[in-house]
Amino acid sequence: METQDLLLTRADKGKDARLFVFRLSAIGKVVEERQVARTKADCKDNKLEKTKGCYLYAINTHHGSELRIVVAIRNKLLLITKKSPVRPDSLGQPPPAWPQSPVEEFQYIREICLSDPPVVMTLVDGPTRENDNLICVAYRHQFDLVNESTGESYRLHHVDASKVNFVAAVDLYEDGEAGLLLCYNCKSSLSQRSASPLVSSPTLWNSVPEPLCLALLPRLLQGAHLKTFLFNRCLWSSSPLHLS
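Residues numbered from 1 in each chain as written. Predicted model: local features only at pLDDT ≥ 70, side-chain atom pairs only at ≥ 80, totals over all residues. Heavy atoms only, no water.

Going by an unreviewed UniProt entry, the protein carries the name CNH domain-containing protein and comes from Callorhinchus milii.

Have a look at this one:
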């Protein structure tokens, strides 16, 4: 997250896994000065303690809104946000500088319990970004949308297959309206967020798509191209990559 001078990473495995947050500028200084590599003990002030046991996390990709993080710990979701920067007071005094460790910039908002541990998670910004932000989660044979404020969830898409390999749920935005590219097995479906979300017919892939490839789609689907893509089937081949 270069624009916010932050690096977020997950370290360790199993019950000891946690999220760590660092300042990119501090890491750049270590590299430039060729300082001795830091050990785990040196990073104790960079741990987000309540994330212990996390195996999956996601951040919002829509940079026009505040930074939000959702962490999965078994079947529990932990929502974390970055505090708003302190503005100068009425006398024009500059705000206090942030501490060296960016951990204190984050606050824990709430926990949400799911019926099963999620395999895929994506944060979706709502139109007002107040009480309508959502979390798209995938587990069992379905994609669900979970309201960040209330914890209520509803079915978005059911995968009719004996075995499901969830790949990704990529959030797309056009004129403030959110859409989701739901990817599983060798198929993808597109959904527009609305009171009654509409999921398009599955798009067929020659092989299971890679998340890195899917991450490029929001850059490719801009403006009117997104609406066209939402309601038209297309065929991609993984190597080389073609669209028809």
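Next comes the rest of the description.
1. Describing the overall build of the protein
Our working definition: The helix count covers DSSP runs of H or I at least four residues long, the strand count covers runs of E at least two residues long, and both are numbered beginning at the N terminus. Burial classes: relative accessible area under 20% of the type maximum marks a residue as buried, over 50% as exposed, and values in between as partly exposed (1.4 Å probe, protein chains only). Two residues qualify as a contact provided that any one of their heavy atoms is within 4.5 Å of a heavy atom in the partner residue. Here, Shrake-Rupley sampling with a 1.4 Å probe gives the accessible areas, and only protein chains in the shown set may cover a residue.
Each helix and strand in the protein was counted, giving 4 helices and 18 strands. Counting all 244 residues of the protein, 41% fall into the buried class. Across the protein, the fraction of contacts at a sequence separation of at least 24, relative to all contacts at a separation of at least 6, is 51%. Of the roughly 14100 Å² of accessible surface on the protein, 52% is carried by carbon and sulfur atoms.

2. Let's talk about the nonpolar core
Put simply, the rule reads: Side-chain atoms within 4.5 Å are what join buried Ala, Val, Leu, Ile, Met, Phe, Trp, Tyr and Cys residues into a set we call a nonpolar core.
Judged by nonpolar contacts, the single largest core of 17 residues is most densely connected at Val 124, Cys 136, Phe 143, Leu 156, Phe 166, Leu 180 and Leu 182. Within the residue set of this core, elements represented by two or more residues are β8 (120–124), β9 (134–139), β10 (142–147), β12 (166–174) and β13 (177–184). Filtering out sequence-adjacent residues up to four positions away, Val 124 remains in contact with Arg 68, Asn 133, Leu 134, Cys 136, Tyr 173, Ala 178 and Leu 180. The next biggest cluster of nonpolar side chains, apart from the first, holds 14 residues, and it includes Leu 8, Cys 54, Leu 67 and Phe 106.

3. Here we look at the pattern of salt bridges
Any two side chains of opposite charge can pair if their charged atoms end up close together. Stated formally: Salt bridges are identified by distance alone: a Lys or Arg side-chain nitrogen within 4 Å of an Asp or Glu carboxyl oxygen.
Inspection of every chain in the model, using the stated rule, returns 9 salt bridges. The partner of Glu 105 in a salt bridge is Arg 23, and the shortest N-O contact between them spans 2.6 Å. Of this pair, Glu 105 sits in the loop between β6 (76–82) and β7 (106–113) while Arg 23 sits in strand β2 (residues 18–23), and the two are 82 residues apart along the sequence. Relative accessible area serves as the criterion here: at 1%, Glu 105 is assigned to the buried category. One salt bridge in this structure joins Glu 49 and Lys 47, with 3.4 Å as the shortest N-O distance. Exposure remark for Lys 47: the relative accessible area of 21% places this residue in the partly exposed category. Taken together, the salt bridges that share partners define one network made up of Arg 18, Lys 47 and Glu 49.

4. Some words on the confidence of the model for the protein
Heads up, the condition is: pLDDT is a residue-level measure of predictor confidence that goes from 0 to 100.
With 71% of its residues at a pLDDT of at least 70, the protein reaches an overall mean of 77. In the model of the protein, strand β17 (residues 235–238) stands out as the element of lowest mean pLDDT, 37, in contrast to strand β5 (residues 68–73), which has the highest, 96. Counting contacts from residues 221–244, a segment whose pLDDT is below 50, to residues more than four positions away or on other chains yields 44 contacts.

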